[in-house]
Each structure stands twice: as C-alpha cells, then as structure tokens.
Amino acid sequence: MKVLITGGAGFIGSHLAERLLARGDGVLVLDDLSTGSMSNIEHLVGMPGFTYRIGSALENPLGTKPKNAMRSTNASSDSRDSSSTSEKPDSP
C-alpha cells in the first residue's frame, strides 16, 4: 500500500512512517517543518519506499494541478447534467 503522512516529520508521523516501511508499505511524508524536524526522518531517507516533500498541502507540493482537476471534474459533471436534462419523458 502507498501511504501519505501529513506532518510526517513530527514525533508521531515519523514513528508511523517507520512502522509502515517496516511492513513493506511505500510512504510519502509531507511536512512544512513548522513543528516537525528533519532529524525525525533523517534515518528514513534513502530507504526503499520512502519519499519526503518539505512543504504544505496548501502550497501544492505534490505537483498536482488543481485547476485542471477542477476542469475535468466540472466537465464530467456538465456532461452528466446535460445528458440527464436532454432525456425528457415523452408527453402524453
């Protein structure tokens, strides 16, 4: 399983990352280091399945494109809406 741990450089997040890696899971740690510390995850860096990003989910550090995702979501919603409105029951 692949797991995202926000706040993964904190005390609890880093221990959770260790346990998940030990059981063979892939781990992505996301932390802005406002209260966490690199010293909590230094020993995990380089381990197979471990990746970390310094930043906040609010800053879009994972490389996603929310505007494009929103457009595709809206486009699929629009197509469902238009198909449901185009199918009108026959009038008596």
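Here the structure is a predicted model, which is why all the values come from computation and not from measurement.

A. Inspection of the sheet that holds strand S1 (residues 2-6) at higher detail. Pairing within the open sheet is parallel, and its three strands lie in the order S1-S2-S3. The two strands at the open ends of the sheet, each matched to only one other strand, are S1 and strand S3 (50-54). The sheet shows a mean angle of 15° between the axes of neighbouring strands, direction not considered. Pairing of strand S2 (residues 26-31) with S3, which is carried by five bridges, proceeds in the parallel orientation. Bridging across to S3, valine 27 finds its partner in phenylalanine 50. Contacting S1, S2 and S3, helix H1 (residues 11-22) runs over the sheet at an angle of about 170° to S1.

B. The arrangement of a nonpolar patch on the surface in detail. On the surface, a cluster of nonpolar side chains totalling about 240 Å² of accessible area is made up of Val45, Tyr52 and Ile54. Within the secondary structure, isoleucine 54 is located in strand S3.

Calculation rules
- Residues numbered from 1 in each chain as written.
- Predicted model: local features only at pLDDT ≥ 70, side-chain atom pairs only at ≥ 80, totals over all residues.
- Heavy atoms only, no water.
- Pairing = 2+ DSSP bridges.
- Helix = DSSP H or I, 4+ residues; strand = E, 2+ residues; numbered from the N terminus.
- Axes fitted to C-alpha atoms, helices over the stretch in contact; angles between N-to-C directions.
- Contact = heavy atoms within 4.5 Å.
- Patch = residues over 30% accessible without salt bridge, like charges linked within 9 Å, V, L, I, M, F, W, Y side chains within 5 Å.
- Areas by Shrake-Rupley, 256 points an atom, 1.4 Å probe, with all protein chains shown as cover.
- Salt bridge = Lys/Arg side-chain N within 4 Å of Asp/Glu carboxyl O.

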